[in-house]
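One-letter residues, chain by chain:
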Amino acid sequence: MKRFKPTLSHLSRRTFLQATAALGGASALGLRSSYAQEPEKPAEIIVRAWGGSWVDSLKAGVSDSFTKMTGIAVRHDLTEDNEIQPKVWAAVAQNRVPPIHINWDTTTNATKSALRGVTEDLSDLPNLANVTDLAKPAGLEGFPIVNTYGYVYVLAYRPAAFPDGPPKSWKDLLDPKFKGRLAFYNDGIGFHFPAQVAGGGKLEDIPGNMQPAWDFITKMKTQQPLLGEDPDFTTWFQNGEIDAACTISTNAREARKNGVKIEWVVPEEGAKFDTDGLWIPKGLPENELYWAKQYINHALTKEAQQVWLDGLGLPGVVPGLTPPKDLVGDPSYPTTEADFQRLIRISSKIQVENESEWFSKFKAIMQG
Amino acid sequence: MRAARTAYPLKWRIMDALEGIAAAIWPARFRRATPYLMLLPAVLLVGLLVLGLIQIADASLRTLDTTTFQFSDDYSIANFRRALTEPLFLVVAQRSLVAALIVTAVTLVFAFPYAYLMVRTRSPRLRKFLLIALFLPFFIGQVVRAYGWLIILGNQGMVNEALGLIGVAPMRLIYNYPAVLFGLVQYMLPFAVLMLAPALTAIPEELEAAAGSLGANWVRTFIHVVLPLARPGFIGAGVVVLTLSLTDFAVPAILGGGSQDFIANAIYDQFFRTSDQGLGATLALMLVALGSILVGLVFALFGAGTLAMGRSRA
């Protein structure tokens, strides 16, 4: 599926296609060379990324090999995804060059930027021909974002706190012995949808009727959970502050790598499945736009995905990737249709349009 | 003949030239306006803040369309209605205000004896120690200090480990409201001491000696002489601590465990989490208004204290 971005001139489209085809071929052959049609290379490209093991994995899997292949240095900007967004929006609105070339973003956040019209179209990336449906952002025209992997908000727990076996349901967390020993994201992300099921509601009722979710979250509030961001979960598990959390499996896996005894499950009500992606803000000089696209195109190769996502422990969008040994058959690494049936997916469009209200509602309950 | 050059050295000539340039730029007839010229940097700074406030006011009147993530062209008071009716914002505002008042009161109580001892001690060594202890926290940022408390008060922190030695099970000492208040008091203490110290220095020691010689004991001297004369310091310190506490972000975010947000945290959420800059701007304006009203009340009731630079009613 290749479509052209209407704002690009015919010449630049043609140049882009010729050069990407050449580079794609070179990449496949493992060659490092330059081409007459290639636009001028910038000294560096800036990729916004999350810190810790997230950026380490991106560097090992995508950035280093991109630099080796093209000679262009990659600088990782660790500004929070939420904080870079208004800066990019302001830059585009004022016709300034945006502060980054590529934003590694949650699909929900990226969808907001796409709806606002600040994203470049990526439909002409050659490697999109080799990706699964997961790469396509649902509910959006073309490819303003390319999803690069999926992740699951699992129920992570310390086995010592569950001597009778792993928790089977999110309701198990209501046991009084876990009072003050639980953690959720501070806006409730990842927990709204399982809470809807655990509260006796239906996923089909989202967003129309989410009262069951709010009722269940209100019950959970009596457990006085901690509320935080990604790095907090790893720290809290390591410092023995919590026994269980609703968090992305990558954070739990990171804590386990650091020596914390931790396991995770997808409870019977299900767990939220979501995606992250890469996108390019509008307003870049044409040559930089070209190389930014090449970076994303490279991130969609099997070789780059394998190393990058081994580090994150997440399933990618290129067929044939080998799961890390510790995640074979793991519910947080879905590969089969049966795996996905246990997970909850709600379209980005619904999430984006209602997220503000859901966050406010969750906060109102937890802060009350 | 080199004598003439010696009689009128080069640097004088340079000074003459500079004076000439200054006179051309700022003629003598403008001399009465010179003091106002000195105010120019401050006026520019305040002007920039006012410009920012005007932009925030403009944003506060625009609502977010979540289908396009663009703001409305029309003005409306929808954001203000939300801010005043949604329980979340009322809870957060109330929590911030109550915390600011508690922190101000507790900080002043702790800061006063520290400042008094620092000003009155006859031991230069003790004074130096107190000064160093006062300034040391300024070299350590607020965030680092808050994280320090996590290490000390966490489940596996020093305090819980010490309690464990006498058989007490680990208890949750952080991630709650008292922990936020504690962190704020610790952060505000140096500010309060620095504001109180000049006021205490200005109280002549002879007045305390005179009260003693007239039969007043230490307590009566303290209540009837020291405290009233220290009032400008209390007001100045109180206003600074009150406004800083009311608008604090980092301490509630780090020591509150995510469930003890202040208004600043709610503003952050709107700007950066839900992308609703209109509502964020509304909350920011309301925070500015709340702080201004509180400071105005203090000034109206008690004067400006040390902030009046010697012109207070006290």
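Residues numbered from 1 in each chain as written. Chains lettered and ligands numbered in written order. Predicted model: local features only at pLDDT ≥ 70, side-chain atom pairs only at ≥ 80, totals over all residues. Heavy atoms only, no water.

In the nomenclature of an unreviewed UniProt entry, chain B is known as ABC transporter permease of Mesorhizobium wenxiniae. Its UniProt record, at the heading Subcellular location (unreviewed entry), says of chain B: "Cell membrane". Per its UniProt entry, chain B bears the Sequence similarities (unreviewed entry) comment "Belongs to the binding-protein-dependent transport system permease family. CysTW subfamily." (UniProt positions renumbered as here; feature names shortened; annotations may be inferred.)

The name given to chain A in an unreviewed UniProt entry is ABC transporter substrate-binding protein, with Mesorhizobium wenxiniae as the source organism.

Enquirer: Can you help me understand the overall build of chain A in this one?
Expert: Secondary structure summary: chain A contains 12 helices and 10 strands in total. Over its C-alpha atoms chain A spans a radius of gyration of 21 Å, differing by no more than 12% from the 21 Å that the globule rule assigns to 368 residues. Dimensions of chain A, computed from the C-alpha atoms along their principal axes, are close to 70 × 40 × 35 Å. Burial status across chain A gives 60% buried among its 368 residues. Carbon and sulfur atoms form 51% of the exposed surface of chain A, whose accessible area is close to 14200 Å². Taking the average place of the 39 positive charges on the side chains of chain A and the average place of its 44 negative ones, the gap between the two points comes to 1 Å. (Helix = DSSP H or I, 4+ residues; strand = E, 2+ residues; numbered from the N terminus. Rg over C-alpha atoms; globule rule 2.2 N^0.38 Å. Buried < 20%, exposed > 50% of the residue type's maximum accessible area, 1.4 Å probe, protein only. Areas by Shrake-Rupley, 256 points an atom, 1.4 Å probe, with all protein chains shown as cover. Lys, Arg positive; Asp, Glu negative; His and termini not counted. Charge placed at Lys NZ, Arg CZ, Asp CG, Glu CD.)

Enquirer: Help me understand the nonpolar core in this model?
Expert: Soluble globular proteins tend to pack their nonpolar side chains together in the buried interior. Residues A:Trp104, A:Tyr149, A:Phe191 and A:Trp308 are the most contacted members of the largest nonpolar core, which totals 139 residues. With 13 residues, helix 10 (residues 177-201) of chain B is the single largest residue contributor to this core. Ignoring any residue separated from it by four or fewer positions in sequence, one finds A:Trp308 in contact with A:Ser57, A:Leu58, A:Gly61, A:Val62, A:Trp104, A:Thr148, A:Tyr149, A:Leu278 and A:Ala299. (Core = buried A, V, L, I, M, F, W, Y, C linked by side-chain atoms within 4.5 Å. Contact = heavy atoms within 4.5 Å.)

Enquirer: Can you help me understand the UniProt feature "domain: ABC transmembrane type-1" (unreviewed entry) in chain B in this one?
Expert: Taken from the UniProt record, the annotation "domain: ABC transmembrane type-1" (unreviewed entry) applies to residues 93-298 of chain B. Between the end C-alpha atoms of residues 93-298 of chain B the distance is 19 Å, and the span holds 78% helix and 0% strand.

Enquirer: Looking at this model, I keep getting lost on the interface of chain B and chain A. Mind explaining?
Expert: A common measure of how large an interface is: the accessible area buried when the components associate. Chain B puts 29 residues into the contact, and the matching count from chain A is 31 residues. At the surface where chain B touches chain A, the tally comes to 5 salt bridges. Two residues, A:Asp187 and B:Arg273, come together in a salt bridge whose shortest N-O distance is 3.6 Å. Applying the counting rule to chain B against chain A returns 21 residue pairs in polar contact (both at pLDDT 80 or more). (Salt bridge = Lys/Arg side-chain N within 4 Å of Asp/Glu carboxyl O. Polar contact = N/O pair within 3.5 Å; in protein donor to acceptor, adjacent residues only side chain to side chain.)

Enquirer: Whenever I open this one, the environment of B:Val46 confuses me. Can you help?
Expert: All names here are of chain B. One can find Val 46 in helix 4 (residues 40-60). Judged by relative accessible area, which is 47%, Val 46 ranks as partly exposed. Remark: the alpha-carbon pair of Val 46 and Val 185, spanning 139 residues in sequence, is separated by 29 Å.

Enquirer: When you look at the confidence of the model for chain A in this model, what are you seeing that I'm missing?
Expert: Where the model shows low pLDDT, its predicted coordinates should not be examined in detail. All names here are of chain A. When pLDDT is averaged along chain A, the result is 89; 90% of the residues meet or exceed 70. Every residue in residues 1-17 scores below 50 in pLDDT, and together they form 28 contacts with partners more than four places removed in sequence or on other chains. Throughout residues 21-35 the model reports pLDDT below 50, and contacts reaching past four residues in sequence, or to other chains, amount to 14 contacts. (pLDDT = per-residue confidence, 0-100.)

Enquirer: What's the story with the UniProt feature "transmembrane region" (unreviewed entry) in chain B in this structure? I'm lost.
Expert: Residue and element names in this part refer to chain B. UniProt tags residues 36-57, 97-117, 129-154, 174-197, 234-255 and 283-308 as "transmembrane region" (unreviewed entry). Between the C-alpha atoms that bound residues 36-57 the distance is 29 Å, and the span itself is 95% helix and 0% strand. Between the end C-alpha atoms of residues 129-154 there is a gap of 29 Å, over a span that is 73% helix and 0% strand.

Enquirer: I would appreciate a short explanation of the packing of aromatic side chains in the present structure.
Expert: Aromatic ring pairs are reported here in terms of the distance separating the ring centres and the angle at which the planes meet. For the structure shown, the criterion picks out 35 aromatic pairs over all chains. Summarising the aromatic geometry, the rings of B:Phe138 and B:Phe191 are spaced 5.2 Å apart at their centres and angled 90° between planes, so their arrangement reads as edge-to-face. With a gap of 53 residues between them, B:Phe138 in the loop between helix 7 (124-135) and helix 8 (142-153) and B:Phe191 in helix 10 connect regions that are remote in the sequence. Joined through ring pairs, the aromatic side chains of A:Trp50, A:Trp54, A:Trp104, A:Tyr149, A:Tyr151, A:Tyr153, A:Tyr185, A:Phe233, A:Trp236, A:Trp308 and B:Tyr175 make up one cluster. Stacked on the ring of A:Phe143, the Lys or Arg A:Lys136 has its end atom at 5.4 Å from the ring centre. (Phe/Tyr/Trp six-rings, centres within 6.5 Å; stacked < 30°, edge-to-face > 60°. Lys NZ or Arg CZ within 6 Å of the ring centre and 35° of its normal.)

Enquirer: Honestly, helix 10 (residues 302-312) of chain A in this entry has me stumped. Any pointers?
Expert: The α-helix winds at 3.6 residues per turn, so residues separated by three or four positions along the chain end up facing the same way. All names here are of chain A. Of the residues making up helix 10, those classed as buried are Ala 304, Gln 305, Gln 306, Trp 308, Leu 309 and Leu 312. Residues of helix 10 that are buried make contact with helix 2 (53-70), strand 3 (102-106), strand 4 (146-157), helix 8 (249-257), strand 9 (271-279) and helix 9 (286-299). Gly 313 occupies a position one or two residues after helix 10 and carries a positive phi of about 70°.

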